[in-house]
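Here are the chains, one letter per residue:
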Amino acid sequence: MSLLLAPVFLQGQELDCKVNVVSTKITSGDKSVFEVLSKALNQFMNGRRWTNIRFQAQEKIPCSMTIDIQEYNSGNGQVKAYLSVQLLRPCFKSTYSSTLLNVIDRDFSFQYVKNDPLDYNDNSIGSNLTATLAFYAYIILGNYFDSFAPRGGAVFFDRASQIVMQAQSFAEQGWRSSERNDKNRYWISESYNNANYQAIHEVLYRYFRLGMDMMYDDPATARANILQAMEQLAQLRKQRPGLACIQLFMEARADELVNIYQPAAQAEKQEATDLFISLDAANVATYKRILSGNTAVAR
């Protein structure tokens, strides 16, 4: 049965999402609108139930959104902004949290007048503002649940896809395949939902549940599982270079991988270094640190 339809008793909301609205680039007009917007968006993300899954307070999903206002028309409330979305994943028997998702969306524009209601439901997605935040809420949930169970996030990725389809009529950018940005909301949804790229879901599960969660009890097996996940990611990259889900997975991953593999045997270090460089050439210097030193594994 779909997780969204599962007949369980609800207990609390799922997200512990800190929404920060940054307006330092705006030097004129009534900037109190952004304080009101920040409070409204925090309520929007944290005050609603996105699933029918039972959550305890300590189980809420730690994530954040930063809306960096680039332009603002105080006359009609039109806003252009950059949206950063980050999802953290606590690791078993550890105080360490791994960055599971890191997105920067530069195609974010919306209209907001102080105290406007933020209307949204899954059948009527409302404005570009609420549709975009709901889209990323489901992308967060999809990644998070994938990291705990094979294809555990499928229902949430599907919900994100439905938002993309409903948003095709919006004038704002970010929703269409024809746009030049190959990491916009359309392509993010496509990369998680297309059956040809389903290996990404196995990567998420193997890397986090069989890798990071095992690091305390059995670091050698955990490293082997993580390496296998990264090999699967490399095969997916060969199949479709530039795939959005691969780019999102690799964001902020380099330092973590260095910490994981520096304590390994030399042959394992070399194998890992070569693989990671092939996946993420922009961080060659960082990955080469694996071959030197012997730091503690991140826990």
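To be clear, the structure that these remarks concern was listed above.
Just so we're clear, the structure is a prediction, and the values are computed from it rather than from any experiment. (Residues numbered from 1 in each chain as written. Predicted model: local features only at pLDDT ≥ 70, side-chain atom pairs only at ≥ 80, totals over all residues. Heavy atoms only, no water.)

## Comments concerning the overall build of the protein chain
So, point 1. The helix and strand inventory of the protein chain stands at ten helices and four strands.
So, point 2. Put simply, the protein chain runs from its N terminus to its C terminus through helices and strands in the order β-α-β-β-β-α-α-α-α-α-α-α-α-α.
So, point 3. Computed over its C-alpha atoms, the radius of gyration of the protein chain comes to 20 Å, within 12% of the 19 Å expected for a compact globule of 299 residues.
So, point 4. Each principal axis of the C-alpha distribution contributes one length, and for the protein chain these read about 65 × 45 × 35 Å.
So, point 5. Taking all contacts inside the protein chain whose residues are at least 6 apart in sequence as the whole, residues at least 24 apart take part in 68%. (Helix = DSSP H or I, 4+ residues; strand = E, 2+ residues; numbered from the N terminus. Rg over C-alpha atoms; globule rule 2.2 N^0.38 Å. Contact = heavy atoms within 4.5 Å.)

## With respect to the side chain of E14
So, point 1. Tracing the sequence through the fold places E14 in the segment before β1 (15–22).
So, point 2. Here E14 is buried and forms no salt bridge, its nearest opposite-charge partner R49 lying at an N-O distance of 6.4 Å.
So, point 3. At 2.7 Å, the side chain of E14 and the backbone nitrogen of T51 are in polar contact.
So, point 4. Not counting the four nearest positions on each side in its chain, E14 is found in contact with R48, R49, W50, T51, F55, K60, I61 and L141. (Buried < 20%, exposed > 50% of the residue type's maximum accessible area, 1.4 Å probe, protein only. Lys, Arg positive; Asp, Glu negative; His and termini not counted. Salt bridge = Lys/Arg side-chain N within 4 Å of Asp/Glu carboxyl O. Polar contact = N/O pair within 3.5 Å; in protein donor to acceptor, adjacent residues only side chain to side chain.)

## A closer look at the sheet that holds β1
Consider a sheet: its strands pair through backbone hydrogen bonds, and that pairing is either parallel or antiparallel.
So, point 1. Here we have four strands laid out as an open sheet, ordered β1-β2-β3-β4, and mixed in their pairing. Pairing within the sheet leaves two strands with one partner each, and these edge strands are β1 and β4 (97–111). Shown here is a sheet whose adjacent strand axes are inclined to one another by a mean of 15 degrees, direction ignored.
So, point 2. Packed on one face of the sheet, helix α2 (residues 128–146) meets β1, β2 (61–73), β3 (78–90) and β4 and runs near 165 degrees to β4. (Pairing = 2+ DSSP bridges. Axes fitted to C-alpha atoms, helices over the stretch in contact; angles between N-to-C directions.)

## Comments concerning the pairing of β3
So, point 1. In β3, alternate side chains face the same way, and those of V79, A81, L83, V85, L87 and R89 are buried while those of Q78, K80, Y82, S84, Q86, L88 and P90 on the opposite face are not.
So, point 2. Summarising the sheet, β2 and β3 pair through ten bridges and their orientation is antiparallel. Within β3, the position partnered with N73 by the bridge is Q78.
So, point 3. The turn linking β2 back onto β3 is made up of four residues, and G77 within it adopts a positive phi angle of 75 degrees.
So, point 4. Pairing of β3 with β4 involves twelve bridges; the strand directions are antiparallel. Paired with P90 across the two strands is S97, which belongs to β4.

## Examining helix α4 (residues 185–193)
So, point 1. Taken together, the buried positions of α4 are R185, I188, S189, S191 and Y192. Looking straight down α4, one finds that the buried residues subtend no more than 160 degrees of arc, so they occupy a single side. (Arc of directions from axis to C-beta.)

## Thoughts on the environment of N20
So, point 1. Within the element layout of this structure, N20 appears in strand β1.
So, point 2. N20 gets classed as partly exposed once you look at its relative accessible area, which sits at 41%.
So, point 3. Along the chain, N20 and I67 lie 47 residues apart, while their C-alpha atoms are 6.2 Å from each other.
So, point 4. Residues contacting N20, with those up to four places away along its chain left out, are M65, T66 and I67.

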